[in-house]
Amino acid sequence: MRVACLDKVPFKSTIIKIETNQGLVGWGEVRDQASASYALMLKSRILGENPCNLDRVFRKIRQFGNHGRLGGGVSGIEMALMDLAGKAYGVPAYALMGGRFRDRIKCYADTPDERDPYRMAERLQGRIDAGYSMLKMDVGVDLLYDVPGSLVGLTHAIVDRFTPHPFTGLQVSRSGVDHLVDYVRTVRAQIGDDIPIAVDHVGHVDLKSCIRIAQALEPFDLAWLEDLVPWQYTDQWAKLTRATTTPTCTGEDIYLAENFRPLLDAGAVDVVHPDPATAGGMAETKRIGDLAEEYGVPMALHLAASPIATMAAVHLAAATFNFLALEHHAADIDYWSDLVVGLDAPIIQDGFITVPEKPGLGFDDVNLELMRSCLDESRPFFFEDTSDWDTDRALDRTWG
């Protein structure tokens, strides 16, 4: 196993290359903004294994993943093993998961925050003109920091990356809610009412503020409100979902299918939203979709990745009955499709990705020259020797 740490693909990502003694190469990707070491520490656990024993190898390494970016190593390796197994058997990866339900995968275009709603509408219209039939935009407290009286407790709020929403002490006032409503109303008036728009990045505010926002945005028929509170607060999600007709959505930081069950048992979410680069890879994310289907809940896919993890998501989406749409975070990166070789150019056409029929993940190779130009200067690893990770040994068994 070797890795390359890239930037602007669309964010920082680690690309995994796994080679075999039969000349086959498998490609995977650690989740955006995660550490390459999450994958490298697993190298000694997979050396000597048969990549076609997908479930065996996954069960061997799954204990080393966790929620959020900590699931990135296990997930990226699983993608590479799927690529290898498909190439060994001469079948596309979706065939290893039971076959496909669809030939094309619908993508929704993410659009990061714009303070000016007219500028946001202009950018969203550009997505529509490019063929996307579903969109997402950021609407939250970032729009309110310079609006007097819109945030309660901002001066004394705990604002850091490790304080969960209920403990920040930050609330959105009625005038703040009105400001967000005006923002969404302006966007809707510009692009129309007939295209689904999801909303993300509301901010680290309390549950009551989230409920006020959700209820106030009901007239705009949003596709969903995403990650308003941390995923692990099942009771809060249930209260939020029952308080509004606006659909709710979470799951991008949940590792393994079993950890979606509390939300589903409680009827606490309307859409599950795993990220295959966190959830455990391709087969495990399909298990999440199959589990959600039992509860009548659709599955959309969160993703901010290069074409490698994107194609992994395409195969699992093709194989999952209740799939809704796949996030695309690189609509503004012109060279994104060229990072791999042997797929349609561009990969996304009219808002869809065609499911490839080639073995494994479906592309022929990676564009090494272009990838090298995207090297992450803060950790400039580019498929160098990783033999230092070959002999890490421990008694990994978690039972006596």
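So what's going on with the overall build of the protein chain? Which residues, and what values?
Secondary structure summary: the protein chain contains 13 helices and 17 strands in total. Computed over its C-alpha atoms, the radius of gyration of the protein chain comes to 21 Å, within 12% of the 21 Å expected for a compact globule of 400 residues. Dimensions of the protein chain, computed from the C-alpha atoms along their principal axes, are close to 65 × 50 × 45 Å. A total of 400 residues make up the protein chain; the buried ones form 56% of that total. Across the protein chain, every contact between residues at least 6 apart in sequence was considered, and the portion connecting residues at least 24 apart equals 73%. As displayed, the protein chain has an accessible area near 16,700 Å², and 49% of this comes from carbon and sulfur atoms. Looking at charge distribution, the protein chain has the averaged site of its 38 positive side-chain charges lying 5 Å from that of its 58 negative ones.

An account of the layout of surface pockets is needed here, citing residue identities and associated values.
It is a probe the size of a water molecule, rolled over the atoms, that shows where empty space is left. Taken as a whole, the largest pocket holds about 1,600 Å³ of empty space. Lining the largest pocket are 45 residues, with Arg69, Arg161, His201, His204 and Asp253 sitting closest to its centre. Looking at the lining of the largest pocket, its residues break down into 17 nonpolar, 15 polar and 13 charged. Computed from the structure, the second largest pocket encloses a volume of approximately 370 Å³. Breaking the lining of the second largest pocket down by element, the ones donating at least two residues are β2 (13-19), α2 (43-46) and α4 (72-89).

Which residues make up the nonpolar core, and what values go with them?
Core analysis: the largest hydrophobic core is formed by 124 residues, its most contacted members being Ile18, Ile77, Met137, Val272, Met282, Ile308 and Leu326. When residues in this core are grouped by element, the largest group, nine residues, is from helix α12 (residues 307-318). Ignoring any residue separated from it by four or fewer positions in sequence, one finds Ile18 in contact with Met1, Leu24, Val25, Gly26, Ile46, Ile77, Ala80, Leu81 and Leu84. Membership of the second largest hydrophobic core comes to nine residues, among which are Tyr108, Trp224, Ala300 and Ala325.

I'd like to hear about the packing of helix α7 (residues 207-216) against helix α8 (residues 234-243), residue by residue, with values.
With their axes 9 Å apart at the nearest point, α7 and α8 run at an angle of 25° to one another. On the basis of the axis angle, α7 is roughly parallel to α8. In this structure, the crossing between α7 and α8 has a hand that is right-handed. Taking contact as the criterion, the partners of Leu207, Cys210, Ile211, Ala214 and Gln215 in α7 are, on α8, Gln236, Lys239, Leu240 and Ala243.

About the cut-offs
Counting from 1, residues in each chain are numbered in the order their sequence is written. With the structure being a predicted model, the display of local features is reserved for residues of pLDDT at least 70 and the display and counting of side-chain atom pairs for 80 or more, all residues being used for whole-chain, interface and lining totals. Side-chain measures here rest on the full set of heavy atoms in the structure, leaving out hydrogens and waters. Helix and strand definitions follow DSSP, with helices as H or I runs of at least four residues and strands as E runs of at least two, each counted in order from the N terminus. We take the radius of gyration over the C-alpha atoms and set the globule estimate at 2.2 Å times the residue count to the 0.38 power. Remark: exposure states derive from per-residue accessible area (1.4 Å probe, protein chains only) relative to the maximum for the residue type, with buried under 20%, exposed over 50%, and partly exposed in between. Any two residues having at least one pair of non-hydrogen atoms within 4.5 Å are treated as being in contact. The Shrake-Rupley method, run with a 1.4 Å probe sphere, supplies the accessible areas, and residue values consider only the shown protein chains as cover. When charges are counted, Lys and Arg contribute as positive and Asp and Glu as negative, whereas His and the chain ends are disregarded. By convention, the point assigned to a charge is CZ for Arg, NZ for Lys, CD for Glu and CG for Asp. Here a cavity means grid points, on a 1 Å grid over the protein atoms only, where a 1.4 Å probe fits yet cannot get out; a pocket means an open set of points with protein on both sides within 12 Å along at least five of seven lines; lining residues are those with an atom within 4 Å of a point. Grid points are joined across faces, edges and corners, and a volume is the space filled by probe spheres set on the points. Throughout, the ten residues Ala, Val, Leu, Ile, Met, Phe, Trp, Tyr, Cys and Pro are labelled nonpolar, Asp, Glu, Lys and Arg are labelled charged, and all others, Gly among them, are labelled polar. Side-chain atoms within 4.5 Å are what join buried Ala, Val, Leu, Ile, Met, Phe, Trp, Tyr and Cys residues into a set we call a nonpolar core. Helix axes use the C-alpha atoms of the stretch in contact, all axes being lines fitted to C-alpha atoms, and the angles between their N-to-C directions lie in the range 0 to 180 degrees. Any angle that is under 35 degrees is reported as roughly parallel, and any over 145 degrees as roughly antiparallel; angles of 65 to 115 degrees are reported as roughly perpendicular and all others as oblique. Left-handed describes a crossing whose near helix is turned anticlockwise from the far helix by less than a right angle; the clockwise case is right-handed.

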